[in-house]
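# A closer look at the structure
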Amino acid sequence: MTSGNAIDAASMPEPRQPAPATAGAAGTEPGRRLGWLDVLRGVAALAVVFDHLSYYVLQHVRTEVYHWFDPGNYGVFVFFIISGYIVPASLERKGSVRTFWVSRLFRLYPLYLLAVGIAVTLYLVHFGSIRGENSDPEASILSQLLMMSNVLGGENLPNVVWSLSYEMVFYLLLTALFIARVHKRSSWYALGFAAAAVAIGGLLPQAYFIHNVATPRLIALVADLAVLAGLALAVVLRGMSRLLGAAIAAVVAVALLAFNGGWIWPWEALSILALMFTGTMFYRAEQGQYPWRKAIGLGVAVLGLTIAAGLWHSHAWGMSAYAEHTWERRWFSALALAGLTFGAGLALRRVRWPAWMTWLGLISFSVYLLHPLLIEVYHHFAWTHRHHPFWLQVLLAGGFLLVTIAVSSVTYLLVERPMQQVGRRVGHWLDARFGPDRAPGPVRTPEPAMAGGSKPG
């Protein structure tokens, strides 16, 4: 896995939201508590930008760095852990599947559609490529419709949207677990997916459905209809019908992840889910629902298993001994440093971070989605292909970063933030029009568990 074909790292999770104060975070203001997440998002986004930009400038630096470390993988791993930490918290705080999905829709789709539109426009004016998506426009639209192109045979437009596929799988799975009221056993899910990555991740086929069952267009059509129908049942109905709908959408999503992944291997996809549920487990520990000692121990175990999955299954690629050792170092260091980065952020969660660092986190989704398009514009001009002295490459990289931050700030202020506000208004309107959509029984932020308690993680 690298971000070179790639994270919404990750859709990014939604920006800072007020959260109920708990004894586990006593004396901290909500904005300050979540400021550390913004800092981590900003760091992750910059790592992914370096990964992509260093193909064109600072190539010597890239060569040296990549002997030991893959900043693209590191960035997306951090994003996935953050999503696992904050997205379930958002669902549980709202207590409403309908409000959660309205929030996700207005959080992700406006900028996603803008990015796709810009990519197509750049192609039409001969500034960029649409990665062959024009060869079968219908299949392309169907694979991109639910932001699941990487498990539906699409070509990921822009290239970084591959990670959105796994974010969507996580959301669908989380919805089913929430409705079934088994969503709090995060530690079991983290450990289970990590163990599956090691045990069966190398046995699962890649892109099986589109190579052996039906055409990419048909697979994408059937999958889109199944997921949309399942979500509709989960949002509109109640009781067992709601659970059935959520289960259908989740099963389809996990089946696509396991049997139809395009660019990354099945063991990598299972590792991603393990990392996301690990983030959820640490959220529960921070909320006092799960003992810290167990959370830290299991977090280390999950990281160990995901590292082992890569070290074992990559042997099947038939690389030379030197290439294999280099890849293994990068895989180990990216995962280990991502875990340490998240742990450091969590340990420093009460620190008041500078505004410019938290701002980078707020605009990180724009930075993530738009920087590949800006790179295409940069690469279009012939003078960028020349060999420049190092000092000039540093200036070019710095200038590119400033432009990226400026453009991303504009899209955040004019697209992301206004559409998130619209999403909140739509959620309130739906509650007023159709009544509140809440999970059965009270859904509250629980009181912290006693030290050594045994509540599920």
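First, a word on what this report is: a plain description of the structure on this page.

### A closer look at the environment of Asp-70
As for its position among the elements, Asp-70 is in the loop between helix H2 (59–65) and helix H3 (71–94). In sequence terms Asp-70 and Ser-333 are 263 residues apart; their C-alpha atoms lie 7.7 Å from each other.

### Re helix H5 (residues 137–144)
Three or more residues of H5 are buried, namely Ala-139, Ser-140, Leu-142, Ser-143 and Gln-144. Tucked into the core, H5 has its buried residues touching helix H4 (97–124) and helix H9 (216–236).

### Observations regarding the packing of aromatic side chains
The full count for this structure, using the stated rule, is 31 aromatic pairs. When the ring of Trp-267 is compared with that of Trp-327, the centres are 6.2 Å apart and the planes differ by 80°; the resulting orientation is edge-to-face. Placement of Trp-267 in helix H11 (residues 266–286) and of Trp-327 in helix H13 (residues 321–347) is noted, with a sequence separation of 60 residues between them. Judged by relative accessible area, which is 2%, Trp-267 ranks as buried. According to the relative accessible area criterion, Trp-327 is buried, its value standing at 10%. We note Arg-329 situated over the ring of Trp-68; from NZ or CZ to the ring centre the distance is 4.4 Å.

### Examining the nonpolar core
Ranked by size, the top nonpolar core spans 128 residues in total, and within it Met-148, Tyr-166 and Phe-342 carry the most contacts. A total of 14 residues in this core trace back to one element, the largest contributor, which is helix H6 (residues 162–179). Those residues in contact with Phe-342 that sit more than four places away from it in its chain are Trp-36, Leu-37, Leu-40, Ile-81, Ile-82, Tyr-85 and Phe-282.

### Observations regarding the environment of Arg-107
Its place among the elements puts Arg-107 in helix H4. Residues Arg-107 and Arg-417, spaced 310 residues apart in sequence, show a C-alpha to C-alpha distance of 8.3 Å.

### Digging into the packing of helix H15 (residues 364–380) against helix H16 (residues 390–434)
Helix-helix packing is described using two parameters, namely the angle between the two axes and the distance between the axes. The contact between H15 and H16 brings their axes to 9 Å, and the two run at 130°. What the angle tells us is that H15 and H16 run oblique. Here the hand of the crossing between H15 and H16 comes out right-handed. Residues Phe-365, Ser-366, Val-367, Leu-370, His-371, Leu-374, Ile-375 and Tyr-378 of H15 lie in contact with H16, whose contacting residues are Leu-396, Phe-400, Thr-404, Val-407, Ser-408, Thr-411, Tyr-412 and Glu-416. Per-class residue counts for the contact of H15 with H16 are 10 nonpolar, 5 polar and 1 charged.

### Quick look at unusual backbone geometry
Here the residue pair Leu-157 and Pro-158 is connected by a cis peptide bond, since its omega of -10° sits within 30 degrees of zero. Relative to the helices and strands, Pro-158 resides in the loop between H5 and H6. Backbone geometry places Met-147, a non-glycine residue, at a positive phi of 60°. Counting through the fold element by element, Met-147 comes out in the loop between H5 and H6. Look at Met-147 and you get buried, because its relative accessible area is 2%. Although it is not a glycine, Arg-181 adopts a positive phi angle of roughly 65°.

### Notes on the side chain of Asp-431
Position of Asp-431 relative to the elements: it lies in helix H16. Excluding anything up to four places from it in sequence, Asp-431 contacts Arg-98, Thr-99, Pro-436, Asp-437 and Arg-438.

### Observations regarding the pattern of salt bridges
Taken as a whole and judged by the stated rule, the model has 9 salt bridges. Here Arg-98 ties to Asp-431 by a salt bridge, and the two come within 2.7 Å at their closest N and O atoms. Of this pair, Arg-98 sits in helix H4 while Asp-431 sits in helix H16; the two residues are 333 residues apart in sequence, bridging distant segments of the chain. Within this structure, Arg-238, Arg-242 and Asp-437 form a network of salt bridges that share partners.

Analysis parameters
As a convention, each chain's residues are numbered from 1 in the sequence order in which they are written. Residues qualify for local features only when their pLDDT is at least 70, as the model is predicted, and side-chain atom pairs are given and counted only at 80 or more; totals for whole chains, interfaces and linings, by contrast, use all residues. Remark: hydrogens and water are excluded; side-chain values derive from all non-hydrogen atoms of the structure. Helix and strand definitions here come from DSSP, where helices need a minimum of 4 consecutive H or I residues and strands a minimum of 2 consecutive E residues; each element is numbered from the N-terminal end. Buried means the residue's accessible area, taken with a 1.4 Å probe over protein chains only, is under 20% of the maximum for its type, while exposed means over 50%, and partly exposed covers the values in between. Note on definitions: a residue-residue contact is assigned when non-hydrogen atoms from the two residues lie within 4.5 Å. The aromatic pairing rule takes the rings of Phe, Tyr and Trp, using the six-membered ring of Trp, and pairs them if the centres are within 6.5 Å, calling planes under 30 degrees apart stacked, those over 60 edge-to-face and the rest tilted. We count a charge as sitting over a ring when the NZ of a lysine or the CZ of an arginine lies within 6 Å of the ring centre and within 35 degrees of the ring normal. Among buried residues, those of type Ala, Val, Leu, Ile, Met, Phe, Trp, Tyr and Cys that are joined through side-chain atoms within 4.5 Å constitute a nonpolar core. Convention adopted: a line fitted to C-alpha atoms gives each axis, helices being fitted over their contacting stretch, and angles between N-to-C directions are expressed from 0 to 180 degrees. Any angle that falls under 35 degrees is termed roughly parallel, while one over 145 is termed roughly antiparallel, one within 65 to 115 roughly perpendicular, and all others oblique. For any helix crossing, the convention is left-handed if the near helix is rotated counterclockwise from the far helix by under a right angle, and right-handed if that rotation is clockwise. Basically, the charged four are Asp, Glu, Lys and Arg, the nonpolar ten are Ala, Val, Leu, Ile, Met, Phe, Trp, Tyr, Cys and Pro, and anything else, Gly included, counts as polar. Take a side-chain nitrogen of Lys or Arg and a carboxyl oxygen of Asp or Glu: if they are within 4 Å of each other, that pair is a salt bridge.

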